[in-house]
Amino acid sequence: MNQILDNPFPYSDTNKRYHTFSYAMKKKYGKKLAKIPLNAGFTCPNRDGTKSYGGCRFCSSQGSGDTILCANEDLKTQYETNLARARNKWPDAIGMAYFQSFSNTYAPLADLQKIYTPFYENPNVIAIAIATRTDCFDEEMAKWFSKMQARYSKPTWFEFGLQSIHPATARAMNFAHTPTEAKLVVDLCHHYGLSSCLHLINGLPGESHEDMLETAKFAASLHPDAVKIHMLHLLENSRLGKDYHQRPFKLLSQEEYVQIVCDQLEILPPEIIIERVTGDGLASDLIAPLWTMKKTATANEIDKLLLARNSWQGKKS
Ligand code: SF4
């Protein structure tokens, strides 16, 4: 059987039965768009005491930016170095500046303007993605980024950590943000024509399969432009990693994870881009689960299960 020809999912030209970022960007730009990770030197209100201390329990000391090359160099050097690395793999790739580490709008607007304006002006930057917290984004920022997006014709994305909608998990993991805030910022992005992406984490301690589906249903109801689905991975230099060393707790198997992701994909509307179906921690810092290192194998299992179910993203949305 030719799996590609038999694929009923409309937003795909491969065997993928979900709307991948790679497919969406190739449709838009006609070539590979590489996200170039950057560390702009921000911190996070969940670490410095403004909201809480210590950060989310799963967050590494690098604020989720562990894979950035030259993270201590100036931003232009970081962009050029990491774009060159991407072009080793995809020689004609174009670049999206991805401000990944910590909360990249956690500063007064005047400071943000100094950081982001050179990226709007740089012709080698095709688009901009900014990871931040839902409580670090407001209307004044949305207006300025929307203006810059229009002036330079550079799509501007905001990525927000939702992770889970469940209050008990939020308390245990010290998120110090709420689903209500997520709705506000996604609505703000919609209103100002900015793109939004929500991050979800599966396998957080104490959560059931149904809990994870409820989080995906909530995310679907906000209709962001994209979603990233991660498996909880425990890293050295994270508080949850230390907890696990002291008292190991149950983590999802790859099989359980694949089942959950397929269930979530079925309820996410097909237009929503799925930027990720697995996490991306630094292998040398990974404590568990070790199967998360095999990202392609996990993605293949997701493809196989959707095919076996004769299902696809949005089939139950
Ligand atoms: S909000 Fe992000 S950067 Fe801040 S502690 Fe949580 S995961 Fe880390």
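Presented here is a report on the structure given in the accompanying data block. These figures come from a predicted structure and were not determined experimentally. (Residues numbered from 1 in each chain as written. Predicted model: local features only at pLDDT ≥ 70, side-chain atom pairs only at ≥ 80, totals over all residues. Heavy atoms only, no water.)

## Overview of the pattern of salt bridges
Where we set the bar: We define a salt bridge as a contact between a side-chain nitrogen of Lys or Arg and a carboxyl oxygen of Asp or Glu at a distance within 4 Å. Note on conventions: DSSP H or I runs of at least 4 residues are helices, E runs of at least 2 residues are strands, and numbering of each starts at the N terminus. Residue burial is assigned from relative accessible area. The probe radius is 1.4 Å, only protein chains are included, and a residue is buried under 20% of its type maximum, exposed over 50%, and partly exposed in between.
Tallied over the full model, the rule gives 15 salt bridges. With its nearest N and O atoms 2.9 Å apart, the salt bridge here joins D243 to R57. A residue pair is termed long-range when its members are at least 10 positions apart, and D243 in helix α8 (residues 239-246) and R57 in the loop between β1 (33-38) and α2 (75-89) qualify at 186 residues. Among the residues examined, D243 registers a relative accessible area of 23% and is labelled partly exposed. K304 serves as the salt-bridge partner of E301, at 2.9 Å between the closest nitrogen and oxygen. Here K304 and E301 lie together in helix α10 (residues 295-308), a separation of 3 residues that amounts to about one turn. Residue classification places E301 among the partly exposed positions, given a relative accessible area of 30%.

## Describing the site of the ligand
The test is simple: We call a residue near a molecule or strand whenever a single non-hydrogen atom of that residue lies within 4 Å of it. Side-chain classes are defined by residue name, with Ala, Val, Leu, Ile, Met, Phe, Trp, Tyr, Cys and Pro counting as nonpolar, Asp, Glu, Lys and Arg as charged, and the others, Gly among them, as polar.
The environment of the ligand is made up of C44, R47, G55, C56, F58, C59, F102 and R133. Residue composition of the shell around the ligand, by class: 5 nonpolar, 1 polar and 2 charged.

## Details of the sheet that holds strand β5 (residues 195-202)
What counts here: When DSSP finds at least two bridges between two strands, those strands are taken to pair. Between the N-to-C directions of two axes lies an angle of 0 to 180 degrees, each axis being a line fitted to C-alpha atoms and, for a helix, fitted only over the stretch in contact. In what follows, residue pairs with any heavy atoms lying within 4.5 Å of each other are defined as contacts.
Taking strand neighbours across the sheet as the criterion, the 7 strands line up as β1-β2-β3-β4-β5-β6-β8 in an open arrangement whose pairing is parallel. The sheet is open, and its two edges are formed by β1 and β8 (273-276), each paired on a single side. Shown here is a sheet whose adjacent strand axes are inclined to one another by a mean of 25°, direction ignored. Note: β5 against strand β6 (residues 226-231), 6 bridges, orientation parallel. By the bridge assignment, C197 is partnered in β6 with A226. In this fold helix α9 (residues 254-267) packs onto β5, β6 and β8, with an angle of close to 165° to the strand it touches most, β6.

## Structural notes on the nonpolar core
Spelled out, the test is: Here, the term nonpolar core denotes a set of buried Ala, Val, Leu, Ile, Met, Phe, Trp, Tyr and Cys residues that are joined through side-chain atoms within 4.5 Å.
Ranked by size, the top nonpolar core spans 83 residues in total, and within it F99, Y116, F137 and F145 carry the most contacts. Among the elements that take part in this core, α9 stands out by supplying 7 residues, more than any other. If you look at the next biggest cluster of nonpolar residues, it comprises 14 residues, including M96, A131, C197 and A226.

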